[in-house]
Amino acid sequence: MTASSKPVTPVETAQSPGECSRALRDTLGHFATGITVVTTLDASGQPVGMTVNSFNSVSLDPALILWSIDRNSLSYSAFTECERFVVHVLKGDQQHVSNLFAGRGADKFGQVKWHQGPQNIPQLDDCAALFHCRRAQNIEGGDHTILLGEVLEFSAGGGEPLVFHRGRYRALAGE
């Protein structure tokens, strides 16, 4: 162990469940993630979107991605029951979009530029990349549900991605 390392905290300790959850969350925060916004239509055809940093690739053949949603999310049923959704990888200058879609209430789509994409799914404009997906499977995972998506279409708009690390937005280091 180096001088700057801290001892490993076992998951089962004398900490309260809340303290242990916070410690785990803080430790997981050492893994930098990109930031995405996932959009779909709810049962009444209204656009729904949320900020997600649990996005990941699964397979190239077939083309599959995944992301997860908290079972207590207001948009849980919209996403776990939808046929299709779009994952938007945000650019480094889209922190305001991340914050908007991470919040509750407000007319999120009234504050960003977007259009109807394939199957009328809301598609945000000017993102680093996007993936149009068919929901392939829901997988129960603790207090979240993992959504497995089959990638039907994708495109890259370019630009540096928005990155989140240790509770803050970050910029990528230059080359």
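I will try to describe carefully the structure that is included in this document. Numbering of residues starts from 1 in every chain and runs along the sequence as written. Where local features are concerned, this predicted model is filtered to residues with pLDDT of at least 70; where side-chain atom pairs are given and counted, the filter is 80 or more; whole-chain, interface and lining totals use all residues. Side-chain metrics in this entry use all non-hydrogen atoms of the structure; hydrogen atoms and water are not considered.

1. Description of the sheet that holds strand E5 (residues 63-70)
Where we set the bar: Only strands joined by at least two bridges in the DSSP assignment are considered to pair. Numbering of helices and strands starts at the N terminus; helices are DSSP runs of H or I of at least 4 residues and strands are runs of E of at least 2. Note on definitions: angles span 0 to 180 degrees between N-to-C directions of axes, and those axes are lines fitted to C-alpha atoms, for helices only across the stretch in contact. Here, two residues are considered to be in contact whenever any of their heavy atoms come within 4.5 Å of each other.
In space, the 7 strands of this open sheet follow the order E3-E2-E6-E9-E10-E5-E4, with antiparallel pairing throughout. Each edge of the sheet is formed by a strand with only one pairing partner; in this case those strands are strand E3 (47-52) and strand E4 (56-60). Averaged over neighbouring strand pairs, the angle between their axes works out to 35 degrees when direction is ignored. Where strand E6 (residues 84-89) and strand E9 (residues 129-141) come together, 6 bridges link them in antiparallel fashion. Within E9, the residue paired with Val89 across the bridge is Ala129. Running over the sheet, helix H3 (residues 95-102) touches strand E2 (36-41) and E3 and is turned about 115 degrees from E3.

2. Here we look at H3
Rules: Classification of residues uses two cut-offs on accessible area relative to the type maximum, computed with a 1.4 Å probe and protein chains only: under 20% is buried, over 50% is exposed, and between them is partly exposed. To be clear, the arc concerns the directions from the helix axis to the C-beta atoms.
Every buried residue of H3 is listed here: Val97, Ser98, Leu100 and Phe101. Seen along its axis, H3 keeps its buried residues to an arc of 165 degrees; they face one direction. Along H3, exposed side chains directed more than 90 degrees from the buried face belong to His96 and Ala102. Where H3 is buried, its residues contact E2, E3, strand E8 (122-124) and strand E12 (168-170).

3. So, the sheet that holds E12
Across the sheet, 3 strands lie side by side as E1-E11-E12; this open sheet has antiparallel pairing. In this open sheet, the two strands that pair with only one neighbour each are strand E1 (33-34) and E12. Examined bridge by bridge, strand E11 (residues 163-165) and E12 share 3 bridges and lie antiparallel to one another. Within E12, the residue paired with Phe164 across the bridge is Tyr169.

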